[in-house]
Amino acid sequence: MDRPIVDHGEFIPADKAPMPEHIHADSRQHIRVSLRQDEQQDILLACDGVTLSLYKDYCWVKTKAGVGNIKNVGLGGVGIISTCKVKLNQELYLKFDDAYYSIKVMRIQNISNKLLFIGAMWMEEDEQQRTIITNKILASGRQI
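Residues numbered from 1 in each chain as written. Predicted model: local features only at pLDDT ≥ 70, side-chain atom pairs only at ≥ 80, totals over all residues. Heavy atoms only, no water.

Along the protein, the regular secondary structure elements total 1 helix and 7 strands. Along the protein, helices (α) and strands (β) appear in the sequence β-β-β-β-β-β-β-α when read from the amino end. Counting every position in the protein, which comprises 144 residues, the buried fraction comes to 35%. Looking at the protein alone, contacts between residues at least 24 apart form 48% of all its contacts between residues at least 6 apart. About 10,200 Å² of surface is accessible on the protein, with carbon and sulfur atoms providing 52% of the total. (Helix = DSSP H or I, 4+ residues; strand = E, 2+ residues; numbered from the N terminus. Buried < 20%, exposed > 50% of the residue type's maximum accessible area, 1.4 Å probe, protein only. Contact = heavy atoms within 4.5 Å. Areas by Shrake-Rupley, 256 points an atom, 1.4 Å probe, with all protein chains shown as cover.)

The subject of this paragraph is the confidence of the model for the protein. Per-residue confidence for the protein averages 78 on the pLDDT scale, and 67% of its residues sit at or above 70. Per-element averaging of pLDDT across the protein places strand S1 (residues 33-34) at the bottom with 68 and strand S6 (residues 99-110) at the top with 94. In this model residues 16-25 is a low-confidence stretch, pLDDT under 50, and it forms 3 contacts with partners more than four residues away in sequence or in other chains. (pLDDT = per-residue confidence, 0-100.)

The final tally for this structure, using the stated rule, is 2 salt bridges. Measuring nitrogen to oxygen at the nearest pair gives 3.9 Å for the salt bridge that ties Lys62 to Asp57. For Lys62, a relative accessible area of 32% corresponds to the partly exposed category. The partner of Arg130 in a salt bridge is Glu127, and the shortest N-O contact between them spans 3.9 Å. Here the residue Arg130 and the residue Glu127 both occupy positions in helix H1 (residues 127-142), the gap between them amounting to 3 residues, near one helical turn. Relative accessible area serves as the criterion here: at 12%, Arg130 is assigned to the buried category. (Salt bridge = Lys/Arg side-chain N within 4 Å of Asp/Glu carboxyl O.)

On to the pairing of strand S5 (residues 91-96), then. The pairing of strand S2 (residues 50-58) with S5 spans 3 bridges and is classified as antiparallel. When the bridges of S5 are listed, Leu54 appears paired with Leu94. Sheet topology note: the S5/S6 ladder contains 6 bridges and is antiparallel. Residue Glu91 lies in a different strand from S6, and its bridge partner there is Lys104. (Pairing = 2+ DSSP bridges.)

Looking now at the pairing of strand S4 (residues 77-82). For S4, the buried fraction is high: 6 of the 6 residues fall into the buried class. Along S4, one buried face is formed by Gly77, Gly79 and Ile81 and the opposite face, lined by Val78, Ile80 and Ser82, is buried too. Note: strand S3 (residues 61-73) against S4, 5 bridges, orientation antiparallel. Across the sheet, residue Val73 finds its bridge partner in S4, namely Val78. Between the antiparallel neighbours S3 and S4 lie 3 residues.

Here it is in structure tokens:
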């Protein structure tokens, strides 16, 4: 009688389809800490986080682009909810404690017809400065 092709208990690996590369949380080098009080609450109804003004550069002058609400922060960057119209790789500034902190837009996700989730990374190269910025925002979020 013919021998079965597969012996009982023999492991045969399945070919796995390659996973698509996304520039999301999986590709981050640093973790992000949520400033949300309830992660399960719909983001459209969430009134938590830290609200800051967003600025753009216009002829060497910073002009207010709108308001953003920081929902998560880390040494790598921030996640912001805003109605500001932005583009990928655009440089923006967060104004916090009368100082401007430069960020670069890395991801834009439409939440509603006007509201956007903006994933941005810090433009500051010095990790110690990024730590100071991150800690200030985290401390401000805990005071709420």
